[in-house]
Structure formats: structure tokens, C-alpha cells
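One letter stands for each residue in the lines below.
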Amino acid sequence: MKENRVKPSNGKLGVMCVGLGAVTTTTIAGVLMSRKGLSKPIGSFACEGIMRLGKGSDKIYKEVKHILPIAPLHDIVFGAWDIYEDNGYEAAVKANVLRSSDIDPIKDELTQIQPYKALFDKSYATNIDGPNVKEPATRWEQTEELRKDIRHFKEANNCDRVVVIWIASTEKYIPRDEKVHGSLSSFEAAMKADDKEHIAPSMCYAYAAMREGCPFVMGAPNLCIDIPAMWELANETKMPISGKDFKSGQTMMKTVLAPAFFTRQLGVTGWFSTNILGNRDGIVLDAPENFETKRRSKMSAVENILDSDIYPQLYSDIYHKVRINYYPPRGDEKESWDNIDIFGWMGYPMTIKVNFLCRDSILAAPIALDLILFSDIALRSGLYGIQDFLSFYCKAPMHADNEKPVHDLFKQFAMLKNKIRELAGYEADQELD
Ligand SMILES: NC(=O)c1ccc[n+]([C@@H]2O[C@H](COP(=O)([O-])OP(=O)(O)OC[C@H]3O[C@@H](n4cnc5c(N)ncnc54)[C@H](O)[C@@H]3O)[C@@H](O)[C@H]2O)c1
């Protein structure tokens, strides 16, 4: 029997979601319905995945939840913050992602989720506004309020531990500023000085979470924990952090296709990616400064995988463009198009078209759930800092300044499985499955 490094899952796992919108309510509904045996957590590797352990004649295949002590769905308690007062049921109905037959059986549980008042700054998301917000105060004082919320939630629900995940709107683009974000002391000084320009609301949630002993996940492309001050805080508090930006639809496809071109040494001259979507996320992203945060996140995969340092003749001149258009009739049913211009033998051009008619929140929900469950595993294993084994779930995987992120979906999957092997006392390996 191999030695499992992970402490058992005892008691309740609290999950505090920043934002009670489309993805959050879809994630919660899927978990609650699965608990009742009325649905299945399809797409969740932590809940349903099967993987190989051992090599050669010793190899066995096991469910991930039997390899690691993943918290059972029955032990999860959800809470949230949002700028709107809608409870979980009202928010799920408004998000209009799920059929009533998938929400009504869990109406009572959803209704009990009453969001805490949000730490909100309209200048970070100009296209939305709501009444359920904390009183104006300094960033430091408001963060203290968030810490109280976490303590209150944990106590009221008798939780053994809590994971905090940002599934709220994408904030406007802010660049990293070394003077403020470069160290924890300068960051804390800026919070106390109420430097609203450099301290985004999401950073306050992350700070509060780590100070309260909670792992933090960033599901949007916000700068937030992608700064040295937060890495220092994660090390000091010994908290795992992961992000950024759920890799759900278009970018998931890009990180499958780009490695194929690279492996076959096909050149790329252009990659045009466009999207239409009509949900609240779409309204927020309609503001140019918020779109800019998303655009940068969506650009990073192709640039990283099609490495022009290795093959300048194939990839040094790619015209890469990403667009997102708010189109209300589509609601959450986003459609994306990719037009990829490639070239092969003797420079002859070819074109590939990808048209993905997806459901944004349906794709994102298992990603959010896995990030929560594996962050809890990381916590119970004593892992802290950036959890790069969770890159698999992220569009713009976080990484130390001196490291290159891995974007290729299958390499990321190998990293995830190897971390699972390592934590379960098996050797990491490169075998074919
Ligand atoms: N759906 C996907 O495929 C996908 C993929 C990658 C990333 N994301 C990101 O996930 C996030 C959530 O997406 P969604 O479709 O659920 O959006 P949504 O608009 O339905 O929900 C976001 C919620 O966050 C709330 N909010 C905004 N600022 C807040 C704050 N400071 N504090 C507390 N609540 C706040 C909003 O009121 C809203 O209810 C977005 O940032 C989106 O870009 C989604």
C-alpha cells in the first residue's frame, strides 16, 4: 500500500464564491442535484475521473476520488458574496442557464444561499451596479469586513475548512505596478492608504481569504493574485493559490489545436477568434477596459505554444486577433468562431474553421468544482503558493516570473495526473496511458 500524503477530509468543506451569477449558480445546482442522485458531475475529473497508477504489469486504473481523499459532494456547503440581493434560487433563475426541472428540486437549498454584501467598486466593472454592497470605507477596512464574513460563514455552517473562489465579473485591466504590487509590505501599505487605483476589489477578497486560512482560486483573468505581494502572502500563510481564468471553450480548443500544428511543424500566419455572448459576463466585457483584461488572457495560449524562438520561420509573424461581442439574444449560449490560416509543405496555405456552439456556464462549472476540490486537497497536503498542477483548468496559468507557463492541454493534464500520483505516494511518470 502506498502512503497517501493527504490528510483525510473530515467535516464540512465551506465554499465561498465571490459572485453569485451564471457560473456559480450552475456549479452549485450541479452539485446539489448530483447529491440527490438527480444529475451527475460530468466533466469533473476530481469526481468522475479515472486514471492509471503504476507501470507495466503493476498498472491499475482507479477513480481519482479513490486515489485521493477528495471531499465528498455531500460535505460541501456553499456561500457567496454578490452586489445583487437575489438568493441562490433567484440568481439561478435570472441567469437562465438551467431548465426549471434542474433547479426546482433544489429550490430550498438554493434559496438558503443569501449573498453577503460585496466589496464592490464600480470603476472596476462600469457596466453593472447593485445595492448589496459594503459601506464605503478604505480597502483595508473593507477587507476586514470580508474576513468577518468568512469567519461568520465558517462558524454558522460548522465548516472544517473553507475555499474562496472568485467567479465574479472580470475587472478592468490594471497592469502590475512593482511599487505597490512588488511586496507584501508595500501592498498592505497601499490598502491602508486606500489606494483604489492599484488595489482591485478582487485583491481584497484574496487577501482576506489567505489571512483567514483559506485557499484562493481566481476564475477570471483579473491581475489579483498574479503579483509578488500575493505570492509572498501565500508563502507566509502557507495557502495554495491558483488561476487565472477558467479554460472552458474557445481557449480549450486553441490549446488542443496549437500543439497539433507545432508537433506537425505547420506554420501559422493568422488566427482570428471571435465570440458572441449575451449574458451578464458579456455586458461587463462590453466595456473596453474589462475586455482588455480578457483579451490578454485569451491571447496568451497561442503565443506560448507556437514558440517563435524555436521555429521563427513558422511562427514569428502570426496575426492573432481576439474579439468578444455582446449579443443579448444568445444569453449564456456563446458561439465562437476561429479562422486559422496555416501553411505547410513548400509554403502552401490552408485554412481551418472552428465553430463552437457552446454553453458557457455548463463548460465552466466542472472546472470551478475541480479547482475547489483540488485546492482543498492542496491545503490538506500542505502545498502552498502557486499550484501549477491546476494549470489544466486555466486560460492564463499563473507562474513565477522566471518560469514559462504550460498551456498545452495534454501536458497540463499530465502535470495534474502526476501531482495526483505524487500525493498518493506513486511515482510521477511519462508513460502512455
Ligand atoms: N463561463 C465561462 O466559460 C467562463 C470562462 C472563463 C472565465 N469566466 C469568468 O467567470 C466569471 C463569472 O462568469 P459568469 O458568467 O458567472 O458571470 P455573471 O455576470 O453571471 O456573474 C458574475 C457575478 O459577479 C458579481 N460581482 C461582480 N463584482 C463583484 C464583486 N466585487 N463582489 C462580489 N460579486 C461581484 C456580479 O454581480 C455577478 O452576479 C467572469 O469573470 C467570467 O469572465 C467564465
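All of these numbers come straight from a predicted model, not from anything done at the bench. (Residues numbered from 1 in each chain as written. Predicted model: local features only at pLDDT ≥ 70, side-chain atom pairs only at ≥ 80, totals over all residues.)

(A) Expanded view of the nonpolar core. Formed by 116 residues in total, the largest nonpolar core has its most connected members in Val 164, Ile 165, Trp 166, Tyr 205, Ala 206, Phe 216 and Ala 368. Counting residues per element, this core draws most heavily on helix H15 (residues 360–381), at 14 residues. Composition of this core by domain shows at least three residues from each of domain 1 (12–246 + 362–423) and domain 2 (250–357). Residues within four places of Ala 206 in sequence aside, it is in contact with Phe 216, Cys 224, Ile 225 and Met 230. (Core = buried A, V, L, I, M, F, W, Y, C linked by C-beta atoms within 7 Å. Buried ≥ 20, exposed ≤ 12 C-beta atoms within 10 Å, placed from the backbone. Helix = DSSP H or I, 4+ residues; strand = E, 2+ residues; numbered from the N terminus. Domains from an automatic or database assignment. Contact = placed C-beta atoms within 7 Å.)

(B) Focus on the environment of Thr 251. Mapped onto the fold, Thr 251 is located in helix H11 (residues 250–264). What Thr 251 contacts, discounting residues up to four positions off in sequence, is Lys 298, Ala 301 and Lys 395.

(C) Layout of the sheet that holds strand S1 (residues 12–18). Across the sheet, which stays open at both edges, the seven strands sit in the order S5-S4-S1-S6-S7-S8-S13 with parallel pairing between neighbours. Looking along the sheet, the strands with just one partner apiece sit at the ends: strand S5 (116–117) and strand S13 (385–386). Sheet topology note: the strand S7 (residues 216–218)/strand S8 (residues 240–243) ladder contains three bridges and is parallel. Bridge assignment links Val 217 to a residue of S8, and that residue is Ser 242. Relative to the sheet, H15 contacts S1, strand S6 (159–166), S7 and S8, its axis offset from that of S6 by approximately 135°. (Pairing = 2+ DSSP bridges. Axes fitted to C-alpha atoms, helices over the stretch in contact; angles between N-to-C directions.)

(D) Broad picture of the domain arrangement of the protein. The domain boundaries assigned to the protein delineate domain 1 (12–246 + 362–423) and domain 2 (250–357). One C-alpha centre belongs to domain 1, the other to domain 2, and the line joining them spans 26 Å. Each side of the interface is counted separately: domain 1 has 25 residues, and domain 2 has 27 residues. Considered class by class, the residues forming the side of domain 1 that touches domain 2 number 11 nonpolar, eight polar and six charged. (Nonpolar A, V, L, I, M, F, W, Y, C, P; charged D, E, K, R; others polar.)

(E) How the structure looks around the site of the ligand. What surrounds the ligand is a group of 36 residues, the closest being Gly 19, Gly 21, Ala 168, Ala 220 and Arg 280. Listed by contribution, the elements that provide at least two residues to the shell around the ligand are helix H1 (22–35), strand S4 (76–82), helix H12 (280–285) and H15. The dominant element in the shell around the ligand, judged by the number of residues it contributes, is H15, at four residues. Formed jointly, the shell around the ligand draws a minimum of three residues from each of two domains, domain 1 (12–246 + 362–423) and domain 2 (250–357). (Near = placed C-beta within 6 Å.)

(F) Local environment of unusual backbone geometry. Residue Lys 244 is bonded to the preceding Gly 243 through a cis peptide linkage, with omega at 0°. In this structure, Cys 224 takes a positive phi of about 35° despite not being glycine. Mapped onto the elements, Cys 224 comes out in the loop between S7 and helix H10 (228–237). The class of Cys 224 is buried, set by 25 C-beta atoms lying within 10 Å. Of note in the backbone geometry, Gln 265 takes a positive phi value of approximately 55° without being a glycine. Assignment of secondary structure puts Gln 265 in the loop between H11 and strand S9 (267–277). On the basis of neighbour count, Gln 265 is assigned to the exposed category, with 11 C-beta atoms found within 10 Å.

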